[in-house]
Amino acid sequence: MAAPTIATLHDRVRGPVITADDEGYDEARRVHNAMIDRRPRAIVRAANVGDVMAAVDFARENSLDLSVRGGGHSVPGFGTCDDGVVLDLSGMHSVWVDPATRTARAEGGATWGDLNAATNAFGLATTGGIISTTGVGGLTLGGGIGYLDRGFGLSCDNLLSAGVVTADGTFRVANADENADLYWALRGGSGNFGVVVSFEFRLHPVADIYGGPMFFELDAAGDLLRTYREYISTAPEQLGGFPAFQIAPPLPFIPEERHGEPFAAFVACWTGPMDEAERALAPIRDVAPIVAEHVGPMPYPALNSAFDALVPPGLQHYWKANFVTELTDEAIAAHLEHGPKVPVVNSTMHIYPINGACHRVASDETAFAYRDANFATVIAGMWPDPADNEANIRWVRDYYEATAPHSEDGGYINFMADDDQDRIRANYRGNYDRLVSVKRRYDPDNLFHLNQNIRP
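Since this is a predicted model, take the numbers as computed values, not measurements.

Calculation rules
Residues numbered from 1 in each chain as written. Predicted model: local features only at pLDDT ≥ 70, side-chain atom pairs only at ≥ 80, totals over all residues. Heavy atoms only, no water. Helix = DSSP H or I, 4+ residues; strand = E, 2+ residues; numbered from the N terminus. Buried < 20%, exposed > 50% of the residue type's maximum accessible area, 1.4 Å probe, protein only. Contact = heavy atoms within 4.5 Å. Pairing = 2+ DSSP bridges. Axes fitted to C-alpha atoms, helices over the stretch in contact; angles between N-to-C directions. Core = buried A, V, L, I, M, F, W, Y, C linked by side-chain atoms within 4.5 Å. Phe/Tyr/Trp six-rings, centres within 6.5 Å; stacked < 30°, edge-to-face > 60°. Polar contact = N/O pair within 3.5 Å; in protein donor to acceptor, adjacent residues only side chain to side chain.

## Details of the side chain of Ser 132
- Of note, Ser 132 is situated in the loop between helix 4 (112-120) and helix 5 (136-141).
- Given the relative accessible area of 10%, Ser 132 is considered buried.
- Here Ser 132 is in contact with Thr 111, Trp 112, Gly 113, Asn 304, Ser 305 and Asp 308, once residues within four sequence places are set aside.

Right, here's the structure in full:
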């Protein structure tokens, strides 16, 4: 790229434009997954919506790849690219809360930590993820599974309106009344349709929750999964949480001699009355003796950030996922075979419940199609040493191949790896052709293709 062209980009945006000649380039190009090492021509750290519009125009006019980065947590590394433009939204992370209408508006670079801190001050929350450093944008656009979804629906179900810069560089509002087709597609269709620079969410009265992790011996894992399967189907919708296989981290509530050992675990989140919490958790507690736990009242943001330390930037990442309608005995047997082999403390397997309020949205009401699935399983391989890549990727793949025959064909778009592009149609079921039509309208040349791509 000639220097005058870069100079033109500098002139068109207020935020920094970072190239390979600039100090801080290596830091600016880094994403959460250290397995990804790409060298963009330019990184635009947008300061405002005008910068976003200019960066989109610049990439389109120069036929360059365009990566959009919010929280930077994309497992396949979609937040960066080789020889293209990275549009980094991290500087646009403000959140405004209106307690009277119980709504919040977050900029496109906000994380769930940003949003939770702002809303908790008013005793309010909306469905977010499990790690607070995750970007609001990426999680919501892929659907948004989290602790609160059984009671309040997915993150995308709580999205009231979005401000979007589409491929032609135009800013548009997308909601039920304006650009309704785009609004439909954004709720689960991921980053295929534009750069979302603002999200308006419906909020709910959640301040303190009762929850946290419980660790069980591995020989209780089968009973835990079977109990969870039965109980979560009828449990009060104020109960969120999930079972997991987890190596015990060196935390003070876990006996020191058990640090580094694999366990079956359950992470609970109860948003109902505090005096009903123990009764709600009793079926899980009664599965087997608990080796260690850190369960009790806490602010919701404390639970949403409780596991951040296990997934710091710089780990190697490889994940696989499927939706599950019925957690069969055969599926549980596969989990019992592979889950205890979890290789390092950062890696894990979670089975999230997506029933309750998630089921009260029709499969074609949003792009997120699996409204009849009861669970979303993720096998999250995360580890620090690149020398372990081959062995740990094999653990993820073996685990996935054992559970896939007992699962749906599609999975949660936010948990997909870079080798899952052939699953796009399955991930969206009957909504796929409609998504293609929306893509053709707003991005006919597929400028936004660095994602789990819906081709126009």
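That was the structure; now back to the text.
## Notes on the sheet that holds strand 6 (residues 103-107)
- Here we have five strands laid out as an open sheet, ordered 5-6-9-7-8, and antiparallel in their pairing. With partners counted over all chains shown, the strands left at the sheet margins are strand 5 (95-98) and strand 8 (171-175), one partner each. Strand-to-strand twist across the sheet, computed as the mean angle between neighbouring axes with direction ignored, equals 15 degrees.
- Of the strand pairs in this sheet, strand 7 (residues 159-165) and strand 9 (residues 195-202) are connected by six bridges, and their pairing is antiparallel. Paired with Ser 161 across the bridge in strand 9 is Glu 200.
- On the sheet, helix 4 packs against strand 5, strand 6 and strand 9 and is oriented at approximately 30 degrees with respect to strand 5.

## Regarding the nonpolar core
- Membership of the largest hydrophobic core comes to 79 residues, with the highest contact counts inside it found for Ile 145, Tyr 147, Leu 186, Phe 193, Phe 323, Leu 435 and Ile 454.
- Discounting chain neighbours no more than four positions away, the residues touching Ile 145 are Gly 128, Gly 129, Leu 139, Leu 154, Phe 323, Tyr 352, Ile 354, Ala 376 and Tyr 412.
- Counting residues in hydrophobic clusters, the runner-up holds 43 residues, among them Met 214, Ile 232, Val 324 and Trp 395.

## Remarks on the packing of aromatic side chains
- Evaluated as defined, the whole model comprises 14 aromatic pairs.
- Pairing Phe 215 with Phe 253 gives two aromatic rings, centres 6.2 Å apart and planes at 45 degrees, and the pair type is tilted. Highlighted residues: Phe 215 in strand 10 (residues 208-216) and Phe 253 in the loop between strand 11 (239-247) and strand 12 (262-270), separated in sequence by 38 residues.
- Residue classification places Phe 215 among the buried positions, given a relative accessible area of 5%.

## Structural notes on unusual backbone geometry
- Positive phi values are uncommon outside glycine, yet Asn 179 reaches one of about 50 degrees.
- Along the polypeptide, Asn 179 turns up in the loop between strand 8 and helix 7 (180-186).
- Unlike most non-glycine residues, Asn 446 shows phi in positive territory, near 60 degrees.
- The residue Asn 446 is located in the segment after helix 14 (432-442) in this model.

## What about the sheet that holds strand 4 (residues 85-88)?
- Spatial strand order, 1-2-4-3: four strands in an open sheet with mixed pairing. Each end of this open sheet is capped by a strand with a single partner; those strands are strand 1 (17-18) and strand 3 (66-69).
- Bridge count for strand 1 against strand 2 (residues 42-45) is two bridges, and the pairing is antiparallel. Pairing of Val 17 across the sheet is with Val 44, part of strand 2.
- Running at roughly 165 degrees to strand 4, helix 3 (residues 49-61) makes contact with strand 2, strand 3 and strand 4 of the sheet.

## A closer look at the environment of Tyr 370
- Its place among the elements puts Tyr 370 in the loop between strand 16 (348-353) and strand 17 (375-383).
- Separated by 42 residues in the primary sequence, Tyr 370 and Tyr 412 place their C-alpha atoms 8.9 Å from one another.
- The residues touching Tyr 370, leaving out its near neighbours within four places in the chain, are Phe 323, Ile 354, Glu 408, Asp 409, Gly 410, Ala 426, Asn 427 and Arg 429.
- Here Ala 426 takes part through its backbone oxygen, which lies 2.9 Å from a polar atom of the side chain of Tyr 370.

## Focus on the pairing of strand 17
- The element strand 17 is largely enclosed, with a buried count of nine among its nine residues.
- Of the two faces of strand 17, the one carrying Phe 375, Thr 377, Ile 379, Gly 381 and Trp 383 and the one carrying Ala 376, Val 378, Ala 380 and Met 382 are both buried.
- Looking at chain direction, strand 15 (residues 316-324) and strand 17 are connected through nine bridges and run antiparallel. Of the residues in strand 17, the one forming a bridge with Trp 319 is Ala 380.
- Taken together, the six bridges between strand 16 and strand 17 define a ladder with antiparallel strand orientation. Across the sheet, the residue bridging to Met 349 is Ile 379, located in strand 17.

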